[in-house]
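Take a look at the letters that make up each chain.
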Amino acid sequence: MPRKPNNSRQTRALLAALLERARAWRHGYDLSKETGLKSGTLYPLLMRLSEQGLLESRWQEPERPGLPPRHVYRLTASGLALAREQELEAIAAERAGALA
Amino acid sequence: MNAAPSQLRRLAVALAKHAASVLPGAPSWAQAMRHELDYIADDSAALRWALGCMLASYKARLTHRFNQRAAWRQVATSGALMLLIGLALQEHAGGQTEPPRPAFDETTCSLPDVSPELRARLRCGTVSVARNHDKPDAGRFKLAVVVIKSEQQPAQPEPVVYINGGPGYPLTVYAAHQARTPYAPRRDLILVDQRGTGQSEPSLCPDLGGKLLETALALAATGTEEAFARRQATYLACRDQALGRGLDLRDFGTRVTAEDLEWVRRALQIERWNVYGESYGTTVAMTLVALHPDTVRTVILDSIYPPDPVPLWSTTVNDARDAFFASCARDSVCSTSFPNLAKTYRETLARLEQKPLLVTVPPQMRQPDDRVMLTASLFEAVVTNLLYYPTAYPNLPHLIQTVHDGEPQGLGQVLATQLAAAAIQNRATHAAVECRDRPHYRQDLPAGAHGLDRRQLYGVCARWSDLAPSPLIPAGTRVPTLVIAGQFDPVARPALSRHVADLIGSSARFVEFPLVGHNVRQFSPCGAKIAADFIDRPAQELDTSCTDRTAPIPFLPKAR
């Protein structure tokens, strides 16, 4: 059976974190802390989701003088749809587990 | 005073830099990872983060995104990477890695007005850059680059890169002119035709300027909605033409131009350079400093191009013109000949509103019967343009007076010169950059807008392309910065330039030059001297005393 794309545990964790505050722009380091994903895992995922049009990014002005601008991310409409779909699947799976 | 970074922190920075170097064609991702480091307070966490960044970069490099062979070669050199880690633990290892270099392809120089002496000091060529720095496989643009070697050799290792204004004006074609007044002793000078300008390829709708001239004159003459709509349609036809040629208009904007310059720096194997931005070039220069501070030794911002939120242009122009009229009132020759120039000017506009003047223009303007209808709006544009140039100041009151009296003298030639100068600008590139950078052009013409404002890109940009990440101000940078402004500058008033210097912070110094307009260095020997001193010795106190010795404007008296 072909593997479903964007269905790895790490991707699902990232999508869930992004969905949690769907309209907010999120920093890489904050996402790393929230999901427990190390930068070496996180950024390839961000790059891939971005290439697939599931994630949008922009530069945010420095938080205070002397600091560089930050790259921030949030889900696009299709990213949001996928994250919601996965959330529903997770809930369904949890319920299935509870009934089993 | 900041504490010295710990060994762990230095190692983290070195690794993050190396991680960025592995992704040379994806600067935003490379920078994204690197910049986060500065927000991680704990040194051990920073090191773990940087190690992960390195891993992420190699992963990305090995996937389809980047050149596979080069990627494997780089992975094969991971032994060298281990060496780097060792070196990073040493005292002097911080940031000595360089990403793989883009190439400078040297070509024969074919530039106008070049003397044999200058020819011997020129290197001409091209640097191929990614159309989209986030997608290096999506094609290339070719930038024209000229290096003018300093007359005094050996030159200092850090040259000057001059970033010209516009957006849309060519630069390398003026190499001979640029070579005349060195920016600083013993420094080579780098000139680049920004993407979409000059000899750089591709060129966007090179015929747009001519078409716009017709619509601009119609707009000035009639001011009707129809003329306004025709002008917009001319722009949008250019957009369609560009899209038809396979160009993506999102490949323009200040961010991408700043990244291009970074590629040029690396292609020329320059470790650090002195950045001189003029007019719109200040926008590129500030963004470059914000994104690549380690590569900049000093930066000069000559005649700021207003950052967002931009004041209404007509308001800025009114203020500059009033400052000029006030200086006439303070001058004995000017005030005797033209006792109330501000009033005369207002009356002139009112008269032209009532009854435009037919002005004879030179045949090269190709106007019907060699005549142009001088409306109030067109005259206002002419006077605004003259405020840029101190060379025009002596005759400006006299010119206003003759138009007021219905007998304009020399105005046809002034118009021809101004339109010839405007024709040099690639207006499509101008729109391509501004529409990516400027949110306000996506809105309707604001309340209180004036004829001058109608000539801008309101009503064009929303249909031209998306908005890009905005240009940056290097707030809090440690790069020594000099901001210079002219008293009569109609693009940014000195107060606004001072405000930008304040935003940059304690590393920025601000100097205002009396009786100068836009582009200080070009028209003020005092400005050129101060700029050269600053580049030469940025840490020293600036001697600005020459600004107090500015010669008065030699106003022409009223003809008897």
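From a predicted model like this one, the values you see are computed outputs, not experimental measurements.

Moving on to the interface of chain A and chain B. Accessible area lost upon the coming together of the parts serves often as the stated size of an interface. Listed as interface residues are 27 residues of chain A and, on the opposing side, 31 residues of chain B. Roughly 2,500 Å² is buried in total at the junction of chain A and chain B, and carbon and sulfur atoms are behind 65% of that figure. Of all residues in chain A, the largest losses of buried area upon contact with chain B belong to Tyr29, Met47 and Trp59 of chain A, amounting jointly to 29% of the total for that side. If you look at where chain A meets chain B, you find one salt bridge. For Arg70 of chain A, the salt bridge identified is with Glu36 of chain B, shortest N-O distance 2.8 Å. The interface formed by chain A and chain B contains seven residue pairs in polar contact (both at pLDDT 80 or more). Where the side of chain A that touches chain B is concerned, the elements lending two or more residues are α2 (28-35), α3 (39-51) and β3 (70-75) of chain A. Broken down by element, the side of chain A that touches chain B gets its largest block of residues, 11 residues, from α3 of chain A. Looking at the side of chain A that touches chain B residue by residue, the class counts come to 13 nonpolar, nine polar and five charged.

What follows covers the packing of α2 of chain A against α3 of chain A. All names here are of chain A. Contact geometry for α2 and α3: axes closest at 10 Å, N-to-C directions at 115°. Here α2 runs over α3; the crossing is right-handed. Across the interface between the two elements, Gly28, Leu31 and Ser32 from α2 touch Leu42, Tyr43 and Leu46 from α3. Residues that form the contact of α2 with α3 fall into these classes: four nonpolar, two polar and no charged.

What follows covers the sheet that holds strand β10 (residues 481-486) of chain B. Hydrogen bonding along the main chain pairs the strands of a sheet, whether they run parallel or antiparallel. Residue and element names in this part refer to chain B. The nine strands lie next to each other as β1-β2-β3-β5-β4-β6-β7-β10-β11, forming an open sheet whose pairing is mixed. Since the sheet does not close on itself, it has two edges, and those belong to β1 (104-107) and β11 (508-513), each with one partner. Each neighbouring strand pair of the sheet contributes to a mean axis angle of 25°, computed without reference to strand direction. Taken together, the four bridges between strand β4 (residues 160-163) and strand β6 (residues 273-278) define a ladder with parallel strand orientation. Across the sheet, Ile163 pairs through a bridge with Gly277, a residue of β6. Relative to the sheet, helix α11 (residues 280-291) contacts β4, β6 and β7 (296-302), its axis offset from that of β6 by approximately 145°.

Thresholds, definitions, all that
Residues numbered from 1 in each chain as written. Chains lettered and ligands numbered in written order. Predicted model: local features only at pLDDT ≥ 70, side-chain atom pairs only at ≥ 80, totals over all residues. Heavy atoms only, no water. Contact = heavy atoms within 4.5 Å. Buried area = accessible area lost by both parts, 1.4 Å probe. Salt bridge = Lys/Arg side-chain N within 4 Å of Asp/Glu carboxyl O. Polar contact = N/O pair within 3.5 Å; in protein donor to acceptor, adjacent residues only side chain to side chain. Helix = DSSP H or I, 4+ residues; strand = E, 2+ residues; numbered from the N terminus. Nonpolar A, V, L, I, M, F, W, Y, C, P; charged D, E, K, R; others polar. Axes fitted to C-alpha atoms, helices over the stretch in contact; angles between N-to-C directions. Left-handed = near helix turned anticlockwise from the far one by under 90°. Pairing = 2+ DSSP bridges.

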